[in-house]
Amino acid sequence: MTVLIVGASGATGRQLVAQLLIEKHNVKVIVRSPEKLPDSWKTNANLQIISASILELSDTEMSALVSDCNAVASCLGHTMSWKGIYGQPRKLVTDATQRLCNAITSNNLQRQTKFVLMNTTGNRNRDLNEPISFAQKCVIGLLRLLLPPHVDNENAADYLRTQIGQNNTSIEWVAVRPDGLINEEDVSDYEIHPSPIRSAIFNAGKVSRINVGHFMARLINDDDLWRTWKGQMPVIYSKSY
């Protein structure tokens, strides 16, 4: 299986790549600064490193990159700095998601391609009745006004829900919603829910980045698991928190 990863140089993206390489998949990564990647990646025959900014690739280049991919995964996010939060590109995740999906569709393949998006529990799945408190609605409203990355995450997931939808002939998708991200060395027990079981704002849980990478890799690897969650926005928590 061949998998394209964008956002591979980030803390969670690295974990996803590592899990896919353990399974001996052929992995492509698009990164702006390949010199920052682990040395072991640069000598791995199953890993192809494309040095580029995802939004600067032409439509033709994008289509070629995804043409042989069984799955595409996005772990893109905004750097937690003033420039990363308020600078350009403000719609990084949404624009990358849309362009990758357009590239997949343009190839007119005789099979569907899996698309896995890393999202956030701060974003509701509007296909479900996910009630939140008035206080949380107020905080989310402020986040939309003050933090462009939050709106970007919402719009990226909404693009998959409303534009790709549930019956697309080229793309099937899952948007994974981790709660508070932490770093751990090893995969541990985790649980998956269709919707948050605690407040993302006032009672957030935790999940390790390696567990998120492991679950995203499992979605790509395991067709039965994929059928369980396709077209949905599962929430992931580590069991130990």
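The paragraphs below set out a description of the structure included in this document. (Residues numbered from 1 in each chain as written. Predicted model: local features only at pLDDT ≥ 70, side-chain atom pairs only at ≥ 80, totals over all residues. Heavy atoms only, no water.)

1. So, empty space enclosed by the protein
Going through the model one piece at a time under the given rule, you end up with one cavity of 30 Å³ or more. Size it by volume and the largest cavity reaches roughly 40 Å³. Around the largest cavity, the lining residues are T121, G122, R124, I132, Q136, I140, R144 and E154. Residue contributions to the lining of the largest cavity peak at three residues, all from helix α6 (residues 134-146). (1 Å grid on protein atoms, 1.4 Å probe; cavity = no way out; pocket = protein on both sides within 12 Å on 5 of 7 lines; lining within 4 Å. Points joined across faces, edges and corners; volume = space filled by probe spheres on them. Helix = DSSP H or I, 4+ residues; strand = E, 2+ residues; numbered from the N terminus.)

2. Re the pairing of strand β1 (residues 2-6)
For a regular strand, side-chain orientation follows a simple rule: the groups alternate between the two sheet faces. Taking burial as the measure, the five residues of β1 include five buried ones, the bulk of the element. Here β1 shows two buried faces, one formed by T2, L4 and V6 and the other by V3 and I5. Summarising the sheet, β1 and strand β2 (residues 26-31) pair through five bridges and their orientation is parallel. Within the sheet, the bridge partner assigned to I5 lies in β2 and is V29. Between the parallel pair β1 and β2, the chain is carried across by helix α1 (residues 11-22), and the sense of this crossover is right-handed. By the bridge criterion, four bridges tie β1 to strand β4 (residues 71-74) in an arrangement that is parallel. (Buried < 20%, exposed > 50% of the residue type's maximum accessible area, 1.4 Å probe, protein only. Pairing = 2+ DSSP bridges. Right-handed = clockwise from strand over helix to strand, strands pointing away.)

3. Quick word on the nonpolar core
The nonpolar side chains of a soluble globular protein tend to be buried with one another. Judged by nonpolar contacts, the single largest core of 32 residues is most densely connected at I5, V17, M216 and L219. Secondary structure elements with two or more residues in this core: β1, α1, β2, β4, β5 (113-118), β6 (171-178), α8 (209-221) and α9 (223-229). Per-element tally for this core: the top contributor is α8, with six residues. Aside from chain neighbours lying at most four places away, what touches L219 is K114, V116, V174, V176, L225, W226 and W229. With 31 residues, the next largest nonpolar core counts I54, L100, L160 and I171 among its residues. (Core = buried A, V, L, I, M, F, W, Y, C linked by side-chain atoms within 4.5 Å. Contact = heavy atoms within 4.5 Å.)

4. Details of helix α3 (residues 59-66)
Of the positions making up α3, those classed as buried are M62, S63, L65 and V66. One face of α3 carries all of its buried residues, which in axial projection span an arc of 160 degrees. Against β1, β2, β3 (47-51), β4 and α5 (92-106) lie the buried residues of α3. (Arc of directions from axis to C-beta.)

5. Quick look at the pattern of salt bridges
Opposite charge on two side chains makes pairing possible when the charged atoms of those side chains draw close. The full count for this structure, using the stated rule, is twelve salt bridges. With its nearest N and O atoms 2.7 Å apart, the salt bridge here joins K28 to D68. Linking K28 in strand β2 with D68 in the loop between α3 and β4, this pair joins segments that are 40 residues apart in sequence. Looking at K28, the relative accessible area reads 8%, which means it is buried. Measuring nitrogen to oxygen at the nearest pair gives 3.4 Å for the salt bridge that ties E154 to R126. Remark: R126 occurs in the loop between β5 and α6 and E154 occurs in helix α7 (residues 148-164); sequence separation between them is 28 residues. In the salt-bridge network here, residues are joined through shared partners; they are R126, D127, R144, E154, D158 and R161. (Salt bridge = Lys/Arg side-chain N within 4 Å of Asp/Glu carboxyl O.)

By themselves these figures say nothing about function.
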